[in-house]
Amino acid sequence: MKWTTFLFLALTPLTCALLRFQCSQLVVQRLDPLVEPGLIPSSHVHQIVGGNSFNATMDPKKDMPGESTCTTCSMAEDFSNYWTAVLYFRARNGTYKRVPQLSQITGGVGGITVYYMSDALYDTAQKSKVTAFKPGFRMFIGDVTAKTKADAERFRQLTYTCMQNSGTRAPESLSLPNTTCPYGIMANVRFPTCWDGVNLDSPDHMAHMSYPSSGTFESQGPCPATHPVRMPQVLFEVVWDTSKFNNKAEWPTDGSQPFAWSFGDATGYANHADYVFGWKGDALQKLMDTPCVVNCPTAKTQGNAAMNKCTQKAVVDENIDGWLPSLPGGHQAYYS
Ligand SMILES: *[C@@H]1O[C@H](CO)[C@@H](O)[C@H](O)[C@H]1NC(C)=O
Ligand SMILES: *[C@@H]1O[C@H](CO)[C@@H](O)[C@H](O)[C@H]1NC(C)=O
Ligand SMILES: *[C@@H]1O[C@H](CO)[C@@H](O)[C@H](O)[C@H]1NC(C)=O
């Protein structure tokens, strides 16, 4: 999505909901209650935001808003958890250093920007409203084993943007940028938007969801018969602040780029993310039904101080920062 789209929206009368908000960091550690439930530590490092009942095991029957005492998101009724892998820089001497995330909030550490879209941006007639996720709903998108462009192309909207300034939204690529990015690398993850209407999860955490049968959510592509229920478009934007690592003299001599995901992928094709729904009551449905853009007036929000105060102590006690001989969990960067 181009930044100019927002400028246009801000000036246009609208009937669609586009919720865009910040979440600061809850914890960075090796836990993955969706793909590797109960495993302490899980295989690779994640950065996690949202409700503070995040745990190694998260029973779908658990009442996330009820068990959390705070959330790191500015939406005060959103106790969902959102997480992705973490980016590392690999120095010429082979050691790794975690790349910080650029916080978008005053006094914040790390974090991400979350979007929920109720409808195509210009569908002012709101022809096809969306159904909010149900308690216990969760999903995953991407492939941690992806190594080629063809692998990445199976997913429609997992991309990177090499940011020249805070407003850069294009072009988007499927692989990590090969050049230095003055403002950092934005990783974008857009989840599929069509639900089978029955399952809150599935063995691969993806099969209960589908992309539209043609086009995208934004282009109002219709949902396939197997997955007929139109859901909000969930999008994470994570800005990796690579500015400390932009000295080309420290980059690989063979012309490749020096960043790798915490499980080793340095192509970028294995971009993936996890979502565990946890909005209070029908708060998300109400917001999706309310005509508003970005700052929805009926949303219950909290200030930066409350968001930043909500943190969790890592249960996995290991060094994830510093110059490390291998990525936590024993991984090494791979380029193919
Ligand atoms: C995580 O689960 C463990 C074991 O059930 C429990 O003792 C702990 O309090 C939980 N932590 C949080 C933050 O809910
Ligand atoms: C490896 O390189 C990094 C970046 O130049 C440096 O900070 C670190 O001290 C080096 N580590 C070793 C063991 O040489
Ligand atoms: C970076 O270089 C690799 C290897 O040449 C190439 O496959 C990839 O498309 C490039 N990425 C971008 C964003 O240009």
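The structure reproduced in this document is the subject of the present report. (Residues numbered from 1 in each chain as written. Chains lettered and ligands numbered in written order. Predicted model: local features only at pLDDT ≥ 70, side-chain atom pairs only at ≥ 80, totals over all residues. Heavy atoms only, no water.)

Here we look at the state of the cysteines
Part 1 of the argument: A full pass over the atoms with the stated rule returns four disulfides.
Part 2 of the argument: With a sulfur-sulfur separation of 2.1 Å, C162 is cross-linked through a disulfide to C181. Looking down the S-S bond of the C162 and C181 bridge, the torsion is -115°, so its handedness is left-handed. Remark: C181 occurs in the loop between β10 (172-173) and β11 (184-190) and C162 occurs in strand β9 (residues 158-163); sequence separation between them is 19 residues.
Part 3 of the argument: Judged by relative accessible area, C181 falls into the buried class, the value being 1%. (Disulfide = S-S within 2.5 Å. Helix = DSSP H or I, 4+ residues; strand = E, 2+ residues; numbered from the N terminus. Buried < 20%, exposed > 50% of the residue type's maximum accessible area, 1.4 Å probe, protein only.)

Notes on the sheet that holds strand β13 (residues 209-210)
Part 1 of the argument: Read from one edge of the open sheet, three strands run β13-β12-β14, paired in antiparallel fashion. On the outer flanks of this sheet lie β13 and β14 (229-230), each paired with one strand and no other.
Part 2 of the argument: Of the pairings in the sheet, the one linking strand β12 (residues 194-195) to β14 comprises two bridges and is antiparallel in character. Pairing of W195 across the sheet is with V229, part of β14. (Pairing = 2+ DSSP bridges.)

Overview of the site of ligand 1
Part 1 of the argument: Taken together, the residues surrounding ligand 1 are N52, N55 and Q312.
Part 2 of the argument: Protein contact buries 28% of the 360 Å² of open area that ligand 1 shows by itself. (Near = heavy atom within 4 Å. Areas by Shrake-Rupley, 256 points an atom, 1.4 Å probe, with all protein chains shown as cover.)

Concerning the pairing of strand β8 (residues 138-141)
Part 1 of the argument: Burial of the side chains of β8 extends over both faces: R138 and F140 are buried on one face and M139 and I141 on the other.
Part 2 of the argument: Pairing between β8 and strand β17 (residues 273-276): four bridges, direction antiparallel. Across the sheet, the residue bridging to I141 is A273, located in β17.

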